[in-house]
Amino acid sequence: MTEPQEPENSTRRPPAGDPVERGGGLALDQSASAAAYDPAPVKERSGGSAGRFWSARRIPAGLLALVVLGGSGLLLYDVAAVRAHHPAMQWRRALADDLAERPLNNVWVVAGAAVAMAIGVWLIVLAATPGLRDVLPMRRDRPGVRAGLDRTAAALVLRDRAVEVSGVQSVRVRMGRAKVAVRAVSHFRELDDVRADLDTVLGTGIEELGLAKPPSLSVQVRRPAKKG
């Protein structure tokens, strides 16, 4: 009788504590998942959909308003002076003469056009994107009420949950809008057991944050670096 062979595409997970080959080197004592936690499907709430918060962008708007106000005021004053039979300002005469003499392929003309185009694209991007990337929208359970959670605060909440897991020595949490990356160091217990507990605890923690779109979870656990 011949022993059954594994399919060619099958993969086997190395036991905890065994070296895992990564990128040409050996990563000792690591356990990672991407992860057993799947975000719950977003359900329609009675309070309506929870979109991202839009930034007021007061600084760019204020700077643009000052530039437009100053330029239009100066130009209007010069036009009124010309209408009153006074000579135009020296800067406007010099600018008109200079632009009339310079060809379109001049370096300064091309550079000025590129700067103006870059500023225009920047203003369009600011007008078309919400901004406030650090504020995560929360579920809307009541009409007329919108709430958001700061990403740093959410990361601290999940970090406090993670350090309570047995075997966790230290942990770093990076909170994104679509993914939570957790990097933990465990000084005892099997790494797979610690990672499984972190998956469970952090999955529950993410759900209890009440976010409108719960992010996915990625957990990596490793042993402390050896001294010396």
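For every chain, the first residue of the written sequence is number 1, and numbering continues from 1 along that sequence. The predicted origin of the model limits local features to residues at a pLDDT of at least 70 and limits the giving and counting of side-chain atom pairs to 80 or more, whereas totals for whole chains, interfaces and linings rest on all residues. To get the side-chain values, all heavy atoms of the structure are used, and hydrogens and water are removed first.

**Some details on a positive patch on the surface**
Reasoning step 1: On the surface, a cluster of positive charge is made up of Arg172, Lys179, Arg183 and Arg222.
Reasoning step 2: Among the secondary structure elements, Arg222 is positioned in strand β8 (residues 216-222).
Reasoning step 3: Using a relative accessible area of 36% as the deciding quantity, one classes Arg222 as partly exposed. Excluding any residue in a salt bridge, patches collect residues exceeding 30% relative accessible area, merging like charges within 9 Å and nonpolar Val, Leu, Ile, Met, Phe, Trp and Tyr side chains within 5 Å. Per-residue and other accessible areas were derived by the Shrake-Rupley procedure at a 1.4 Å probe size, with only the shown protein chains allowed to occlude residues. Salt bridges are counted wherever a side-chain nitrogen of Lys or Arg sits within 4 Å of a carboxyl oxygen of Asp or Glu. When charges are counted, neither His nor the chain ends are considered; positive counts come from Lys and Arg and negative counts from Asp and Glu. In this description, the location of a charge corresponds to atom NZ of lysine, CZ of arginine, CG of aspartate or CD of glutamate. Helix numbers and strand numbers start at the N terminus; a helix is a DSSP run of H or I with at least 4 residues, a strand a run of E with at least 2. For every residue, the accessible area (1.4 Å probe, protein chains only) is compared with the maximum for its type, and the residue is labelled buried under 20%, exposed over 50%, or partly exposed between those bounds.

**Examining the pattern of salt bridges**
Reasoning step 1: Per the stated rule, a full pass over the model turns up 8 salt bridges.
Reasoning step 2: With a closest N to O distance of 4.0 Å, Arg159 and Asp160 form a salt bridge.
Reasoning step 3: You can call Arg159 partly exposed: its relative accessible area is 36%.
Reasoning step 4: Judged by its relative accessible area of 41%, Asp160 falls in the partly exposed class.
Reasoning step 5: Asp199 is the partner of Arg195 in a salt bridge, and the nearest nitrogen-oxygen pair spans 2.8 Å. Note that Arg195 and Asp199 are positioned in helix α5 (residues 191-208) at a spacing of 4 residues, about one turn of the helix. This pair shows no difference in class: Arg195 is buried, exactly as Asp199 is.

**Brief notes about the packing of helix α4 (residues 151-163) against α5**
The description of two helices packed together rests on the angle between their axes and the distance between the axes.
Reasoning step 1: Helix axes are fitted to C-alpha atoms over the stretch in contact, other axes to C-alpha atoms as well, and angles between N-to-C directions run from 0 to 180 degrees. With their axes 10 Å apart at the nearest point, α4 and α5 run at an angle of 150° to one another. Comparing their axes, α5 and α4 come out roughly antiparallel. For the crossing formed where α4 meets α5, the hand is right-handed. Judged by residue contacts, Leu158, Arg161 and Ala162 of α4 engage Leu198, Val201, Leu202, Thr204, Gly205, Ile206 and Glu208 from α5.
Reasoning step 2: Class assignment of the residues belonging to the contact of α4 with α5 gives a composition of 6 nonpolar, 2 polar and 2 charged. The scheme is simple: roughly parallel for angles under 35 degrees, roughly antiparallel for over 145, roughly perpendicular for 65 to 115, oblique for anything else. For any helix crossing, the convention is left-handed if the near helix is rotated counterclockwise from the far helix by under a right angle, and right-handed if that rotation is clockwise. By the convention used here, residues are in contact when the closest approach between their heavy atoms is within 4.5 Å. Residues are grouped as follows: nonpolar covers Ala, Val, Leu, Ile, Met, Phe, Trp, Tyr, Cys and Pro; charged covers Asp, Glu, Lys and Arg; every other residue, Gly included, is treated as polar.

Keep in mind that these numbers describe shape and distance, not what the molecule does.
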